[in-house]
Amino acid sequence: MADSEFVVRVATAAEHDRFVGLFAAAMMFESSPDDLDRELFEPERALVVMDGDEFVGTAKAMSRDLSVPGAVVPAAHVTAVGVRSTHRRQGILSGLMGRQLREVPEALAVLWASESGIYGRFGYAPAAWVVSYEADLHRVKPHPVRGDLGGVEEIRAEEALPLLARMLGELQARRPGVSGRSEQLWRKRLQDQPEHRGGMTARHVLVHRDGAGIVDGYVLWRGKMGWGPTGPASEVVVEEVVAVEPTAYHALWYHLLTLDLAAKLEYGKAAVDEPLQQLVSSPVALGRRVTESLWVRLTDVPRALAQRRYATSVDVVIEVTDHLVEANNGRFRLIGDTGHASCERSESTPDLSMSVTELAGAYLGARPLAEFAATGRVTEHTPGALSAATSAFGWPAAPVSLEIF
Ligand SMILES: CC(C)(COP(=O)(O)OP(=O)(O)OC[C@H]1O[C@@H](n2cnc3c(N)ncnc32)[C@H](O)[C@@H]1OP(=O)(O)O)[C@@H](O)C(=O)NCCC(=O)NCCS
């Protein structure tokens, strides 16, 4: 669909509540913005579409960083995409996306999609999967803890922020797909208003300390009391687990999986290679389900490719097509390995051809380029180039996106 005739412009700080109001109506939730939301608003990165004096469309980008294979880089975190229900299918989203993609200063944009069918046409591709657990705690049977796993302790949210921020930074160094949080974003993340708890308890902040008393992992979780015909059937709802040290990881999960009265545990942010499956004798009882998580869009192909690292040495010329961002069209020579990468425009014969969408799908290391070659979306011109590039674009740790933004 062509872009609409409506005027697209940048929002002002004073328009925050109106902006959120339109997005909330499109997403069918009740908006109740607070001062922290207003503080976090970056009006210069927020676009509104006007029909006369009325807001009929919104989209914004947040300035955050993101871990990618071997690096942490700035990434436009796209969110608040909404169109007034009376104005759908008139090209408003297309107008917003086109302008936003051409203007973002970062080399890549990322988002979580409300519906899978929306963003592929704008060059976004799912680049990470998320595993959701709905674990049957009577069957999952965590392996007994051997030896001293150290102390698990509950702390108050107010003292948690710096400890949790340090842990998140450590996770970013180990896994792609993790979005960084400023102090304000941490304060937003740890807000816990009773009216938003959905019948669950206040949030518990649980940390693990190593032998020296240093925090080396944390969990955010809530409980919900329940009773079934045969007795207690409470639920444990885990919001976030960040523990990069094996002992902390085991101790925190053991604690969650053995809580008294609980029959079910839900966790919706696990990685495809989540180590938890090794710590239980009945992994099937984790009730795993895999869906799309982070969508990636490369807005500046050579800069984005030079910003990440590669699992094996690669020297390849890729011919790229992009129907929205003109500068991404052409041939680029990528040279990279685990410690360094460069990517320059080139006139050489291409080894591989693909659109910007397939490059985005492979960017976080979770989707092999060979997957796209199997349907003809990546073409190999030089024998061996596909296999070499597939290995190089892969990464030893699967990406994980810890929050829907
Ligand atoms: C999704 C939404 C933003 C689309 O806005 P819109 O202005 O109607 O979109 P456009 O008119 O620019 O449509 C562009 C194309 O996307 C398609 N499209 C739009 N919404 C779609 C959807 N939900 N699923 C699949 N395709 C969709 C259109 O059919 C059109 O396709 P075409 O080019 O082949 O004709 C709007 O329907 C909305 O606000 N939905 C509710 C809120 C929401 O889900 N926001 C996204 C948050 S991640």
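Residues numbered from 1 in each chain as written. Predicted model: local features only at pLDDT ≥ 70, side-chain atom pairs only at ≥ 80, totals over all residues. Heavy atoms only, no water.

The next point concerns the environment of Gly 226. Note on placement: Gly 226 falls in the loop between strand 10 (215-224) and strand 11 (227-228). A relative accessible area of 15% places Gly 226 in the buried class. Taking the C-alpha atoms as reference, Gly 226 lies 33 Å from Val 178; in sequence the two are 48 residues apart. (Helix = DSSP H or I, 4+ residues; strand = E, 2+ residues; numbered from the N terminus. Buried < 20%, exposed > 50% of the residue type's maximum accessible area, 1.4 Å probe, protein only.)

The domain architecture assigned to the chain consists of domain 1 (7-106), domain 2 (131-292) and domain 3 (295-393). The straight-line distance from the C-alpha centre of domain 1 to that of domain 2 is 31 Å. Between domain 1 and domain 2, the contact holds 14 residues from the first and 15 residues from the second. Taken over both partners, the interface formed by domain 1 and domain 2 buries close to 1200 Å², and the fraction arising from carbon and sulfur atoms is 48%. The largest contributions to the domain 1 side of the interface with domain 2 come from Leu 36, Arg 64 and Ser 67, which together make up 40% of the buried area. (Domains from an automatic or database assignment. Contact = heavy atoms within 4.5 Å. Buried area = accessible area lost by both parts, 1.4 Å probe.)

Time to look at the UniProt feature "domain: N-acetyltransferase" (unreviewed entry) in the chain. When the UniProt feature table is mapped onto this chain, "domain: N-acetyltransferase" (unreviewed entry) is found at residues 6-146. Its end C-alpha atoms 65 Å apart, residues 6-146 is made of 21% helix and 38% strand. (UniProt positions renumbered as here; feature names shortened; annotations may be inferred.)

Moving on, we get to the sheet that holds strand 4 (residues 71-83). The strand order 1-2-3-4-5-16-6 describes an open sheet built from seven strands, whose pairing is mixed. Sheet topology places strand 1 (7-10) and strand 6 (125-126) at the edges, where each strand pairs with a single neighbour. In terms of strand pairing, strand 6 meets strand 16 (residues 294-298) through two bridges, oriented antiparallel. Each residue of the ladder has a partner; that of Pro 126, found in strand 16, is Trp 295. (Pairing = 2+ DSSP bridges.)

Another point: the packing of helix 4 (residues 157-174) against helix 5 (residues 183-190). Contact pair helix 4 / helix 5: the axes reach a minimum separation of 10 Å and the direction vectors enclose 120°. With respect to each other, helix 4 and helix 5 are oriented oblique. Read as a crossing pair, helix 4 and helix 5 show a hand that is right-handed. Of the residues in helix 5, those touching helix 4 at Ala 157, Leu 161, Leu 164, Ala 165 and Leu 168 are Glu 183, Trp 186, Arg 187 and Leu 190. Looking at the contact of helix 4 with helix 5, its residues break down into seven nonpolar, no polar and two charged. (Axes fitted to C-alpha atoms, helices over the stretch in contact; angles between N-to-C directions. Parallel < 35°, antiparallel > 145°, perpendicular 65-115°, else oblique. Left-handed = near helix turned anticlockwise from the far one by under 90°. Nonpolar A, V, L, I, M, F, W, Y, C, P; charged D, E, K, R; others polar.)

UniProt feature "binding site: acetyl-CoA" (unreviewed entry): in the numbering of this structure it lies at Val 81, Gly 82, Val 83, Arg 89, Gln 90, Gly 91, Ile 92, Leu 93, Ser 94, Ser 114 and Glu 115. With respect to the element layout, Gly 91 can be found in the loop between strand 4 and helix 3 (92-103). With a relative accessible area of 3%, Gly 91 lands in the buried category. Within the secondary structure, Ser 94 is located in helix 3. The class for Ser 94 is buried, based on a relative accessible area of 13%.

A negative phi holds for most residues other than glycine; trans holds for most peptide bonds. Even without a glycine there, the phi angle at Met 28 is positive, about 65°. Notably, Leu 261 is not glycine yet its phi reads approximately 75°, a positive angle. Topologically, Leu 261 is positioned in the loop between helix 6 (246-257) and strand 14 (262-270). The class of Leu 261 is partly exposed, set by a relative accessible area of 48%.

Turning next to the sheet that holds strand 18 (residues 330-336). Read across the open sheet, the five strands follow the order 19-18-17-20-21; overall the sheet is mixed. For this open sheet the edge positions go to strand 19 (341-345) and strand 21 (378-380), each flanked by a neighbour on one side alone. The sheet shows a mean angle of 25° between the axes of neighbouring strands, taken without regard to direction. Two strands pair when backbone bridges link them, and strand 20 (residues 352-355) and strand 21 are joined in this way by three bridges, in the antiparallel orientation. Counted as the bridge partner of Met 354 is Val 378 from strand 21. Its contacts with the sheet place helix 10 (residues 385-393) against strand 17 (314-321), strand 18, strand 20 and strand 21, and it is angled at close to 130° to strand 21.

What follows concerns the packing of aromatic side chains. Following the criterion strictly, the structure yields seven aromatic pairs and no others. Taken together, a centroid distance of 5.5 Å and an interplanar angle of 70° make the contact between Trp 253 and Tyr 267 edge-to-face. Of the two residues, Trp 253 sits in helix 6 while Tyr 267 sits in strand 14, which places them 14 residues apart along the sequence. Pair check on accessibility: Trp 253 and Tyr 267 agree, each one buried. (Phe/Tyr/Trp six-rings, centres within 6.5 Å; stacked < 30°, edge-to-face > 60°.)

Of all hydrophobic cores here, the largest spans 47 residues; its most connected members are Leu 164, Tyr 218, Val 238, Trp 253, Leu 265 and Tyr 267. Counting only elements with at least two residues in this core, the list comes to strand 7 (129-136), helix 4, helix 5, strand 9 (204-209), strand 10, strand 13 (234-242), helix 6 and strand 14. Ignoring any residue separated from it by four or fewer positions in sequence, one finds Val 238 in contact with Val 219, Leu 220, Trp 221, Leu 256, Leu 265, Glu 266, Tyr 267 and Gly 268. Trp 112, Ala 125, Leu 305 and Leu 359 belong to the second largest nonpolar core, which has 46 residues in total. (Core = buried A, V, L, I, M, F, W, Y, C linked by side-chain atoms within 4.5 Å.)

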